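Descriptive analysis of the structure
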Protein chains: 2
Amino acid sequence: MANTPGIPKGTRDFSPEILAKRNYIFDIIKDVFKKFAYRQLETPAMENLSTLTGKYGEEGDKLLFKILNSGNFLKKVTDPELQERDTKKMAHLVAEKGLRYDLTVPFARYVVQHQNEITFPFKRFQIQPVWRADRPQKGRYREFYQCDADIIGSYSLINELEIVQMIDEVFTKLNLEVTIKINNRKLLAGIAERIGYPEKLIDLTVAIDKLDKIGLEKVYEELRLAGISDDAINFLEPILNLGGSFNDQMQCIERFIGETETGVTGIVETEKLFSYLDMFKFNNNIELDLTLARGLTYYTGAIFEVISDEIQIGSICGGGRYDDLTGIFGLKGVSGVGISFGADRIFDVMENLNRFPEDTTSSVKLMFVNFGQKEEKYCLPVLQKLRQNGINSEIFPDSSKMKKQMKYANSNKIPYVALAGENEMQENKFTLKNMETGEQQLVTAAEMIKALT
Amino acid sequence: MANTPGIPKGTRDFSPEILAKRNYIFDIIKDVFKKFAYRQLETPAMENLSTLTGKYGEEGDKLLFKILNSGNFLKKVTDPELQERDTKKMAHLVAEKGLRYDLTVPFARYVVQHQNEITFPFKRFQIQPVWRADRPQKGRYREFYQCDADIIGSYSLINELEIVQMIDEVFTKLNLEVTIKINNRKLLAGIAERIGYPEKLIDLTVAIDKLDKIGLEKVYEELRLAGISDDAINFLEPILNLGGSFNDQMQCIERFIGETETGVTGIVETEKLFSYLDMFKFNNNIELDLTLARGLTYYTGAIFEVISDEIQIGSICGGGRYDDLTGIFGLKGVSGVGISFGADRIFDVMENLNRFPEDTTSSVKLMFVNFGQKEEKYCLPVLQKLRQNGINSEIFPDSSKMKKQMKYANSNKIPYVALAGENEMQENKFTLKNMETGEQQLVTAAEMIKALT
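Per chain, the residues get numbers from 1 upward, laid out in the order the sequence is written. A letter from A marks each chain and a number from 1 marks each ligand, given out in the order of writing. At least 70 in pLDDT is required for a residue's local features to be given in this predicted model, at least 80 for side-chain atom pairs to be given and counted, and no such filter applies to totals for whole chains, interfaces and linings, which use all residues. Calculation of side-chain values draws on the structure's entire complement of heavy atoms; hydrogens and water are dropped beforehand.

**Comments concerning the packing of helix α13 (residues 261-277) of chain A against helix α15 (residues 373-388) of chain B**
Threshold: A fitted line through C-alpha atoms represents every axis, and for helices the fit uses only the stretch in contact; the resulting angles, taken between N-to-C directions, go from 0 to 180 degrees. Starting at the N terminus, helices and strands are each numbered in turn, a helix being any DSSP run of H or I of at least four residues and a strand any DSSP run of E of at least two. Any two residues whose heavy atoms approach within 4.5 Å at even a single point are treated as in contact. The nonpolar class holds Ala, Val, Leu, Ile, Met, Phe, Trp, Tyr, Cys and Pro. Asp, Glu, Lys and Arg form the charged class, and all remaining residues, Gly among them, are polar.
Interhelical geometry of α13(A) versus α15(B) gives an angle of 35° and a closest axis separation of 11 Å. On α15(B), the residues that touch A:K272, A:S275 and A:Y276 of α13(A) are B:Q373, B:E376, B:K377 and B:L380. Of the residues assigned to the contact of α13(A) with α15(B), the class counts are 2 nonpolar, 2 polar and 3 charged.

**Remarks on the environment of B:E376**
With respect to the helices and strands, the residue B:E376 is situated in helix α15. Beyond its immediate stretch of four places on either side in the chain, B:E376 contacts A:I158, A:Y276, B:N370, B:I395 and B:P397.

**A few points about the relation of the copies chain B and chain A**
In plain terms, the rule: Each copy is superposed on the other by least squares, with the fit set by C-alpha atoms of residues at a pLDDT of at least 70 in both.
Between chain B and chain A, which share one sequence, the superposing operator has a rotation angle of 180° and an axial displacement of 0.0 Å; the RMSD is 0.0 Å. A rotation of that kind, with that shift, is consistent with a two-fold axis. Rotation axis and chain B: the residue whose C-alpha lies nearest the axis is B:I67, separated from it by 2.3 Å. Take the interface residues of chain B: 100% of them recur as interface residues in chain A, which is what a same-surface contact looks like.

**Looking at the nonpolar core**
Going by this rule: Residues grouped as a nonpolar core are buried Ala, Val, Leu, Ile, Met, Phe, Trp, Tyr and Cys residues, joined through side-chain atoms within 4.5 Å. Think of it in three bands: with a 1.4 Å probe and only protein chains considered, a residue is buried below 20% of the maximum accessible area for its type, exposed above 50%, and partly exposed in between.
The biggest cluster of nonpolar side chains holds 95 residues, and the ones touching the most others in it are A:F368, A:M448, B:F171 and B:F341. When sequence neighbours within four positions are dropped, the list of residues in contact with B:F171 reads B:L176, B:V178, B:N284, B:V306, B:I316, B:C317, B:F341 and B:I346. With 94 residues, the next largest nonpolar core counts A:V164, A:I239, A:I339 and A:F347 among its residues.

**Things to note about helix α9 (residues 201-209) of chain B**
By the burial criterion, the buried members of α9(B) are B:L204, B:T205, B:A207 and B:I208. Packing partners of the buried residues in α9(B) comprise α8 (185-194), α10 (211-225) and α11 (230-240) of chain B.

**Describing helix α14 (residues 343-353) of chain B**
Turning to α14(B), its buried residues number three or more, namely B:A343, B:D344, B:I346, B:F347, B:V349 and B:M350. Positive backbone phi, at 60°, marks B:N354, one or two positions downstream of α14(B).

**Re the packing of aromatic side chains**
Residue and element names in this part refer to chain A. What counts, and what does not: Whether two aromatic rings pair depends on their centres lying within 6.5 Å, for rings of Phe, Tyr and Trp, where Trp uses its six-membered ring; planes under 30 degrees apart make the pair stacked, over 60 edge-to-face, and the rest tilted.
Counting across every chain of the model gives 32 aromatic pairs over all chains. Aromatic pair F347 and F356: ring centres 5.5 Å apart, planes at 50°, arrangement tilted. The burial state of F347 is the same as that of F356; both residues are buried. Each ring, one from F368 and one from F430, has its centre 5.7 Å from the other, and the planes form 70°; the classification is edge-to-face. In this pair, F368 is assigned in strand β12 (residues 366-368) and F430 in strand β15 (residues 430-434), connecting sequence segments 62 residues apart.

**Quick word on the side chain of B:D148**
Residues and elements named next belong to chain B. Rules: For the purpose of charge, His is not counted, nor are the chain termini; Lys and Arg are scored as positive and Asp and Glu as negative. Any carboxyl oxygen of Asp or Glu within 4 Å of a side-chain nitrogen of Lys or Arg constitutes a salt bridge here. The definition of a polar contact used here is a pair of N or O atoms within 3.5 Å, where within protein one atom must be able to donate a hydrogen and the other to accept one, and adjacent residues in sequence count solely through side-chain atom pairs.
For D148, the location among the structural elements is in strand β6 (residues 143-152). One buried charged side chain, D148, makes no salt bridge at all; its nearest oppositely charged neighbour is R124, positioned 4.5 Å away. A distance of 2.7 Å separates a polar atom in the side chain of D148 from a polar atom in the side chain of S340. For D148, the contacting residues outside a window of four places in its chain are F33, L103, T104, R124, F125, Q126, I339 and S340.

**Some details on the pairing of β6(B)**
All names here are of chain B. Quick reminder of the rule: Here, a strand pair is defined by DSSP locating no fewer than two bridges between the strands.
Counting buried positions along β6 yields 10 of 10 residues, so the element is predominantly enclosed. Of the two faces of β6, the one lined by E143, Y145, C147, A149 and I151 and the one lined by F144, Q146, D148, D150 and I152 are each fully buried. Sheet topology note: the strand β5 (residues 122-131)/β6 ladder contains 10 bridges and is antiparallel. Across the sheet, I127 pairs through a bridge with C147, a residue of β6.

Right, here's the structure in full:
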């Protein structure tokens, strides 16, 4: 027990100072979700492994944290199985439950399980931790929070409009400048069809998704490896290099896609969404980006991605429309659209750019210095009055040395301290000290309350 | 996949309606903690099993959820060990991590790990789920939230005073009437010493703790089983039957305890705490209860317990002072005092007594009915204005049948809907319908905003 205890790798303690900053981000996101009438849902940390397994690909299955069955966990394992030591095969026999890997699958499970109680469309948001047995590295953790909002059971493009409005409002409130990129999977499907490879949509999507990271040449290489001909790739080139105004891009893509059915639907949807967007002013850039692909294969309509204009860090928010989220649990034909904010990356951006308001880390406004029993009794009723007036405040509990008490106030970033010794008590007053400027004032309790509210 | 998916037994989904009520409780507790300058901390869901094991007794160890090591989890198990099938022995070889069982041990671990960064006294609160592999039953879950506040590194009884103040404020704000029972473990130690069994303090504590549940006779039986003589039990009787005012009780206990050192310290502490309490008015009953024992053995000073005056449900909040919380991790001599609110039981009390304010479950104030494209475009800018004025609101995204739209508004408990058809649009107005009274008004956008704020 002499060793200093630690925590599992890839996990974090959030000290009060860090947590206050994290909550500043979460609270802004939460308030915007609520303003748009999304309702908060929470699901258990543990799900049955049967719910989770097979939903995140083979790689994802490996990254699921499994919970050892209680008691005799080898109960279902036969002797030959035990001797075989095939842990991959054995895992589901010794563990029936796993930790939530994302918020999407539990949401789909919830919707299917409670379909008869839910009035559709169902607008839910969810801010909870998820766990992945990933190799920990800078900026990647084994426990991290996701902040998701989804509306399910509505095809209306108003939902897409509102997602863009929510993104714009969140980042405006966070005082960050971002670009909101929009594309539509149906346009990509139209393109795949037009270049003669409708069945290669996923390969095309995955390759284009890497354009920012690996550049045009390597994307071509990937497309070639996927079996797409050089002719088709050449034909594709103008699309990948597309720029200019929304109208210019749409004209070009219309010409390119031509008559393919999915492509035409994509054009109609995109034009309608942008006509909604045209009704409003946004604080951030919004652009159509035909090279935006988003890795996840389940998207089927509009897709979104947000990048910082001020710092290079990759996507800090993303989402899109999907047509079959709940199909995996047997409920077909429920369309939805959702968004997920990357709280950890947003935190890093805010920290880097120094955008947290100065008073984020301390909600405590004042500390009474404790000079001893008599002074304590003089301060305590006033402390109560401060609190009754909604002022977060405290008294140093022990009559320790002044230096220790001031150190406490300083390291907790408390902006004011109140002192009351013989003189102050005789006058029925307090010395109010501004910890930043060092300025001191002799004030009554009422004046102190006024100064702090 | 055709079966409806479920969740692990003992866990719960919190639907938006239930979660809003839970958050109502959490927010009140959180605000009071903050008002008293407690700072929020979060620790990871997973801890190393070496941190958790042995801290909750043998029974507790069995109830820890263990996380199966990733990959080849049998790596450290030898063939003979495997054949032995001793899963109790094998558990720590296949699982290095476990889920948090309470918030106290992770807090102690955090304090020891970060002792050089922390300015003491350290006042932290923590509201997070914990997991126990208990047999699920009514009111007992495998995943539940704890709401703890502790101050560590201060002996001052001001901390005890403030804990009582926090309890009083939380339950006042929740509109619940409670009794706050107070005792001091040092008084119990004095009693144990005085009846001649100082070494039986824990047996005495555990037995007295059950007084409410099993009655006096069975407590005597337990004491006898613990080896306490009939003479001693007879001598104890007046203490267990003690009633009357604080002063009467203290006089009796002073006479009883006499000169035992710990007992006298207990008397001094209790009198000082009550003299602090006498300085303030409380909304709830506060009483000294010498039969209050609190099960946990680590308490060493004041102990607290809160029961509802309106409904019989057991303790809904409890805590106390401990002198050696961090000793288990090698940091000795750090005294602290803490409190834990039982959110699940408080929820049940609130639900039973119907004490949640009516508007708890919906923060959404208004829904625009969607009559079609033209009407939509008329409503959307006004919807944005409402939101800009801080009004949580929405438009039904599809122009579905009126009945479906009204059903949505009803089941989401939205208090107002706004309708705009040909007539309203010509007049540049809206029909504002109060969903509870059925009352309708023709109003401008500005009037609507005014009516809703």
